[in-house]
Amino acid sequence: MITVKFYGLLSLECNLRQLLVKAGTVRQVLNEILQSCPNISEQQLSQAILFVNKQHISGHKRFSVVLKDGEELALLSPASGG
C-alpha cells in the first residue's frame, strides 16, 4: 500500500490528511484518489505539487513514476495570492 498525504487546500477539500491506496503509477494512485474523494477535482490533482518519499517530482513524466508498497506520496496544493 502507498500512503498518500494531503496538505493545504487538498486536505480541506477532501477533509482527509492521509489515505492508503494500492501501489501503482502516480497516475493510477491519483485516479484512486478521485474515486475515494469526490470533492477533489482531476484539475486540482494534476496541478498539485508532488513529493515521493520527500523528493520533489515534476514534469510530464511525474505521472508515470511507479510507486511501490511502503512508499509515500505527498500532495500539496499550489499557493497563490495577490
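Predicted model, so just to flag it, every value in this text is computed and none were measured.

Colleague: Looking at this structure, I do not really get the packing of aromatic side chains. What am I missing?
Modeller: Working definition: an aromatic ring pair is given by the centre-to-centre distance plus the angle between the planes. In the structure shown here, the tally under the stated rule is zero aromatic pairs. Stacked on the ring of F63, the Lys or Arg R27 has its end atom at 4.3 Å from the ring centre.

Colleague: What am I meant to see in the nonpolar core here?
Modeller: Soluble globular proteins: nonpolar side chains tend toward being buried together. Counting 22 residues, the largest nonpolar core has V4, F6, I33, L73 and L75 as its most contacted members. At the level of secondary structure, the elements contributing two or more residues to this core comprise β1 (2-7), α1 (9-14), β2 (18-21), α2 (26-36), β4 (49-52) and β7 (72-76). Here this core gets four residues from one element, more than from any other, and that element is α2. With residues up to four places along the chain from it excluded, the contact list for F6 reads S11, L16, R17, Q18, L19, I33, I40 and L75.

Colleague: Would you explain the environment of R27 in this entry?
Modeller: Of note, R27 is situated in helix α2. Considered as a pair, R27 and S64 are 37 residues apart in the sequence and their alpha carbons are 6.4 Å apart.

Colleague: Would you mind showing me how to read the sheet that holds β4 here?
Modeller: Within a sheet, each strand pairs with its neighbour through backbone hydrogen bonds, oriented either parallel or antiparallel. Pairing is mixed across the open sheet formed by five strands, whose spatial order is β2-β1-β7-β4-β5. Of all the strands in the sheet, just β2 and β5 (55-57) have a single pairing partner and so form its edges. Each strand of the sheet is rotated relative to its neighbour by a mean of 25°, with strand direction disregarded. In the sheet, β4 pairs with β5 via three bridges, with the strands oriented antiparallel. Bridge pairing links L50 to I57 in β5. The strands touched by α2 within the sheet are β1, β2, β4, β5 and β7, with β2 carrying the most contacts at an inclination of about 120°.

Colleague: How should I be thinking about the side chain of E72 in this particular structure?
Modeller: Locating E72 in the fold gives a position in strand β7. Engagement of the side chain of E72 in a polar contact is seen with the side chain of K5, the distance being 3.3 Å. Setting aside chain neighbours within four positions, we find E72 in contact with T3, K5, F51, V52 and N53.

Rules used in this analysis
- Residues numbered from 1 in each chain as written.
- Predicted model: local features only at pLDDT ≥ 70, side-chain atom pairs only at ≥ 80, totals over all residues.
- Heavy atoms only, no water.
- Phe/Tyr/Trp six-rings, centres within 6.5 Å; stacked < 30°, edge-to-face > 60°.
- Lys NZ or Arg CZ within 6 Å of the ring centre and 35° of its normal.
- Core = buried A, V, L, I, M, F, W, Y, C linked by side-chain atoms within 4.5 Å.
- Buried < 20%, exposed > 50% of the residue type's maximum accessible area, 1.4 Å probe, protein only.
- Helix = DSSP H or I, 4+ residues; strand = E, 2+ residues; numbered from the N terminus.
- Contact = heavy atoms within 4.5 Å.
- Pairing = 2+ DSSP bridges.
- Axes fitted to C-alpha atoms, helices over the stretch in contact; angles between N-to-C directions.
- Polar contact = N/O pair within 3.5 Å; in protein donor to acceptor, adjacent residues only side chain to side chain.

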